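Each chain, written out:
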Amino acid sequence: MSTNAAIATPNASGGIGVIRISGDDAISVADKVFRAISEKKLCDIKGYTALFGHIHENESAVDECVALVFRAPKSYTGEDVVELSCHGGLFVTQKVLRLVFAAGAVPAQPGEFTKRAFLNGKIDLAQAESVMNIISAHGQQALSAASNTLDGKLSEKIAGIAASLTNVAAGIAVWTDDPDEDVPQAHEENVYEVVKNALNELNKLIKNFDSGKAITQGVPTAICGHPNVGKSTLMNQLAGYDKSIVTDIAGTTRDVVEETVRLGDIVLHLADTAGIRESDDIVESIGIDRTMKKLDSASLVLAVFDSSQPLDSNDIDLLERCKGRKAVAIINKTDLGINTDVEKIREYISDTVMISAANGDGIEELKAIIEKLLGTAEFDTSAGILANERQYACCTSAAESLNEAITGLEIGVTLDAMNVSIDYAVEKLLELTGEKAREAVVNEVFSKFCVGK
Ligand code: GDP
């Protein structure tokens, strides 16, 4: 494979910038641009060894550099790798990279280092994807979950489930060829038990992904309510700074203002919407229309009411729309007294909290209710979690197929016919770990990485 290079550190100024070179000629390429103070050559040193020196262009030194050598297969990519750590200026790192190209390396594609690690069997596809999740983790729980997946916890679990199903499928195939032979794996009770166990394990992963989503990916959340109830003030409380325009003129927030906030370990993608009320103002009407769309597509609704005002028809309309949804009724401005019909609100939304967005009262209670509603307390980071929608889709397809197999068993479908469902489930699990993923799937996974990863 070609020898590739890219800047592995962010495209910004910093203390150190790292240029990573990977491939058969990585060490000889680095030797062409790097001169150690000790005059040692990188090709003469062992793996996991560093030399201090300079990057050179012809006879002049460009920058100081520490060159760290990794020898195949003991490197991130599984190939020979050299990491050149220079000063982290945008110009200097680009300059060193150009010299490395001139010495024979070619530009690495997005995600290419991790892709090579995958192709060289250092990590599987699920682990590769967890690298991205580590980089994008917003909090401790998201980080622990991604680290456990990178450690292989998810892959081990999936491999274990796939192995038990493959064992049963092989038994059924043997028995189908020779029905007189006694094949214990193909006994109906055994098939049932193995498939049921596999299904339970997959369902646990699916459920954990759902409750972990709030932590790993964030929850689309709409803040809705009458104009002037304090939605923008609440959003600013949650976000920690003034993003929405707060005024006491009803209808100020005419469009949808979006913000990502972190409540403990939960990430909310908040949309502060135009208030819900009938309006003749065209601009405001468009805002209200968008509010309705946001409300319908949100996974969580924060419905805000003014505690000092009685409920009106617009409030009831909002309550109707929240029925059966994941929603919290937030009764705001409690510092002004309670003049609204709290019991009526509870008829529609059982999770209700009294706050004063202006002074922060009740915000902690609101956070606790959101955590409870999103089920994040049940999120188990130790098991390794499904990292993204691709893995989730593989898992749910496998689970559906196993459900079909169980139904088949219950209604007396022949074992060989049922084996089709088991085989399909195994195929989906191997696609998840990348053991049997199509090239297009692999390319799609790595295309989402950035250059240098
Ligand atoms: P929005 O139209 O729903 O986004 O409402 P705003 O956040 O713009 O707030 C409207 C007005 O209510 C502003 O003058 C806020 O300062 C005020 N307000 C918001 N929350 C509270 C609160 O908890 N108590 C009191 N007394 N006033 C509040």
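Residues numbered from 1 in each chain as written. Predicted model: local features only at pLDDT ≥ 70, side-chain atom pairs only at ≥ 80, totals over all residues. Heavy atoms only, no water.

## Observations regarding the packing of helix α7 (residues 188-216) against helix α13 (residues 389-411)
Two elements in contact, α7 and α13, have axes whose closest approach is 9 Å; the angle formed by their N-to-C orientations is 150 degrees. When the interaxial angle is binned, α7 and α13 end up roughly antiparallel. The element α7 and its partner α13 pack so that their crossing is left-handed. (Axes fitted to C-alpha atoms, helices over the stretch in contact; angles between N-to-C directions. Helix = DSSP H or I, 4+ residues; strand = E, 2+ residues; numbered from the N terminus. Parallel < 35°, antiparallel > 145°, perpendicular 65-115°, else oblique. Left-handed = near helix turned anticlockwise from the far one by under 90°.)

## What about the pattern of salt bridges?
Counted according to the given criterion, the structure contains 16 salt bridges. Across the salt bridge formed by D296 and R321, the nearest N and O atoms sit 3.8 Å from each other. Taken together, the positions of D296 in helix α9 (residues 282-297) and R321 in helix α10 (residues 313-322) put the pair 25 residues apart, joining distant regions of the chain. For the salt bridge of K448 with E444, the shortest nitrogen-to-oxygen distance reads 3.4 Å. Classification of K448 by relative accessible area gives exposed; the value is 53%. Linked by salt bridges that have partners in common, E79, E112 and R116 make up one network. (Salt bridge = Lys/Arg side-chain N within 4 Å of Asp/Glu carboxyl O. Buried < 20%, exposed > 50% of the residue type's maximum accessible area, 1.4 Å probe, protein only.)

## Details of the pairing of strand β12 (residues 327-332)
Buried residues dominate β12, accounting for six of its six residues. Residues A327, A329 and I331 of β12 are buried on one face, and the alternating residues V328, I330 and N332, pointing to the opposite face, are buried as well. As judged from the six bridges shared by strand β11 (residues 300-306) and β12, these two strands associate in the parallel manner. Bridge pairing in β12 links V304 to I330. In this view, the connection linking β11 to its parallel neighbour β12 by way of α10 has right-handed handedness. Sheet topology note: the β12/strand β13 (residues 352-354) ladder contains three bridges and is parallel. In the strand pairing of β13, I330 is matched with V353. Traced from β12 through helix α11 (residues 342-348) to β13, the parallel crossover comes out right-handed. (Pairing = 2+ DSSP bridges. Right-handed = clockwise from strand over helix to strand, strands pointing away.)

## Examining the domain arrangement of the protein chain
In terms of domains, the protein chain is made up of domain 1 (4-108), domain 2 (140-208 + 385-447) and domain 3 (217-374). Relative placement of domain 1 and domain 2: their C-alpha centres are 43 Å apart. (Domains from an automatic or database assignment.)

## Some details on helix α3 (residues 112-119)
Counting buried residues in α3 gives six out of eight residues, a clear majority hidden from the surface. When we look at burial in α3, the residues that qualify are E112, F113, T114, R116, A117 and F118. Elements in contact with the buried residues of α3: β1 (4-7), β2 (14-22), α4 (125-136), α14 (415-433) and α15 (439-447). Two residues or fewer after α3 comes G121, characterised by a positive phi angle close to 75 degrees. (Contact = heavy atoms within 4.5 Å.)

## Section: a nonpolar patch on the surface
Judged by side-chain polarity, I37, F52 and V66 come together as a nonpolar surface patch covering roughly 270 Å² of accessible area. Looking at the element boundaries, F52 is found in strand β4 (residues 49-57). (Patch = residues over 30% accessible without salt bridge, like charges linked within 9 Å, V, L, I, M, F, W, Y side chains within 5 Å. Areas by Shrake-Rupley, 256 points an atom, 1.4 Å probe, with all protein chains shown as cover.)

## Considerations on the sheet that holds strand β3 (residues 34-36)
Strand order in the open sheet formed by seven strands is β3-β4-β5-β6-β2-β1-β7, with mixed pairing between adjacent strands. On the outer flanks of this sheet lie β3 and β7 (106-107), each paired with one strand and no other. Relative to strand β5 (residues 60-70), β4 runs antiparallel, the two being bridged by nine bridges. Note that in β5 the partner of L51 across the bridge is A67. Sheet strands in contact with α3 are β1 and β2, and its direction is about 135 degrees off that of β1.

## Focus: the state of the cysteines
Under the counting rule described, the total for this entry stands at zero disulfides. Left unpaired, C86 is separated from the closest cysteine sulfur, that of C65, by 4.0 Å. By relative accessible area, which is 3% here, C86 ends up buried. With no disulfide of its own, C394 lies closest to C395 among cysteine sulfurs, the gap being 8.0 Å. (Disulfide = S-S within 2.5 Å.)

## Some thoughts on the nonpolar core
In terms of nonpolar packing, the biggest core is built from 38 residues, with L165, V191, L202 and I422 touching the most fellow members. When contributions to this core are tallied by element, the ones reaching two or more residues are α6 (153-177), α7, α13 and α14. If we skip the residues at most four places from it in the chain, I422 touches L165, V168, A169, I172, V191, V195 and A405. By size, the runner-up hydrophobic cluster in this structure holds 28 residues, among which are C65, V69, V82 and L84. (Core = buried A, V, L, I, M, F, W, Y, C linked by side-chain atoms within 4.5 Å.)

## Description of the environment of F34
Residue position: F34 is located in strand β3. Given a relative accessible area of 2%, F34 falls into the buried group. Residues F34 and C65, 31 residues apart in the sequence, show an inter-C-alpha distance of 7.8 Å. Beyond its immediate sequence surroundings of up to four residues, F34 is in contact with L42, L51, F52, G53, H54, I55, C65 and A67.

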